[in-house]
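# Structural overview
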Amino acid sequence: MTFFNPKEDVLDIELTQFGKELLSRGEFKPSHYLFFDDDVLYDIAAAGPSSEDQNTAIDRIQNETPKLRTQGNYKELTEKLSTGIPQNTRENNFSVINALGTSDLVSDKFPRWDARMYGEDGPTIINSVAYMTSSYGTIRIPQNDIAVNFKTAVSVEGQPSVINEDPNLSSTVQEDGTYISVEPKIVLMQLLEDYAAYEKENFDIEVFINEAETISSAGVEVPVWTPLKFKKEVESIVDGILIDPVPEECVELDPTFVEYYFDLFVDSEISAESRAQMEDLNAQSLYNAQDSSGDPGSSIGMADIYDQVVVDPACPPDDCPES
């Protein structure tokens, strides 16, 4: 590693090995950026028994603190030379952490998460911690354990099931013709971030599958979080232009897809029947806002400027002169 030369260097950009691989395949498409201040010591008292006034701290941070050049590699050399593998957990989640965020300008409180589960005999949050730990370090990502109870029954092949089963969830048929049938269940959750800037799109959803991996040298198992991918959605607007409807591409789902395990719906995709269970639905949603009738499943109607002609009250329709 080397340090910035403040007299010559202004900006330094370095691709990770995963980014270089995407660039070589023509798939590198950066969409957003984050700012970090991990290398800034705001309160010098955190480094020892010392103190300084505000003016001294500003000069120390801006002019006297050396800056390291960008680190683009977080893997061992053997991993660095390998290709065709997804970005690992360490590089994706633990290389740079604690990005600078935004807060609501009219609030004096820090942002916080508000997670609630709904539904009759539905899932419940049984445990929660405010951080995630691994062999790479500890980061402040809340972890919630949710318990879900599914209704099951022993069914016989060729005979009606006693429950409303989903064949995709049922077990394989045994030699005697019996199998375990499973009734599907909706996991309904409301997730909000309080005291933060509210925008049209507030969340990015990522789904991981947890699989244990054995380290041969140590002989122990460590959790490995492998990211899953979603089916590609059909876009109706491209570069700001409404295009003709495109049929959905038929994709064979395998264990690398989220839809292989379950269906995930958000906002207006959730049925009105399911949203009706959320009695205390927060009206801070553009998609789920309640109207005056209190029906959480209703939507806000948009006026159609071509629906009818606005008539001048001073000139009734029967008395209007012909043009």
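Conventions adopted
- Residues numbered from 1 in each chain as written.
- Predicted model: local features only at pLDDT ≥ 70, side-chain atom pairs only at ≥ 80, totals over all residues.
- Heavy atoms only, no water.
- Buried < 20%, exposed > 50% of the residue type's maximum accessible area, 1.4 Å probe, protein only.
- Helix = DSSP H or I, 4+ residues; strand = E, 2+ residues; numbered from the N terminus.
- Arc of directions from axis to C-beta.
- Salt bridge = Lys/Arg side-chain N within 4 Å of Asp/Glu carboxyl O.
- Phe/Tyr/Trp six-rings, centres within 6.5 Å; stacked < 30°, edge-to-face > 60°.
- Lys NZ or Arg CZ within 6 Å of the ring centre and 35° of its normal.
- Pairing = 2+ DSSP bridges.

## Some words on helix 2 (residues 54-64)
Buried residues of helix 2: Ala57, Arg60 and Ile61, and no others. Seen along its axis, helix 2 keeps its buried residues to an arc of 90 degrees; they face one direction. Of the residues in helix 2, the exposed ones pointing more than 90 degrees away from the buried face are Asn55, Gln62 and Asn63.

## Brief notes about the pattern of salt bridges
According to the stated counting rule, one finds eight salt bridges in the structure shown. Salt-bridge contacts for Glu14 lead to Lys20; the nearest nitrogen and oxygen are separated by 3.9 Å. Lys20 gets classed as partly exposed once you look at its relative accessible area, which sits at 38%. For Arg112, the salt bridge identified is with Asp194, shortest N-O distance 3.3 Å.

## Quick look at the packing of aromatic side chains
Summed over the entire model, instances satisfying the criterion amount to three aromatic pairs. On the numbers, 5.4 Å between centres and 80 degrees between planes, the contact of Tyr33 with Phe35 is edge-to-face. Accessibility classification places Tyr33 together with Phe35 in one group, the exposed group. Positioned above the aromatic ring of Phe4, the side-chain terminus of Arg69 is 5.4 Å from the ring centre.

## Some remarks on the pairing of strand 6 (residues 152-156)
In strand 6, alternate side chains face the same way, and those of Ala153 and Ser155 are buried while those of Thr152, Val154 and Val156 on the opposite face are not. Where strand 6 meets strand 7 (residues 178-182), five bridges bridge the pair, whose relative direction is antiparallel. The partner of Val156 across the bridge, within strand 7, is Thr178.

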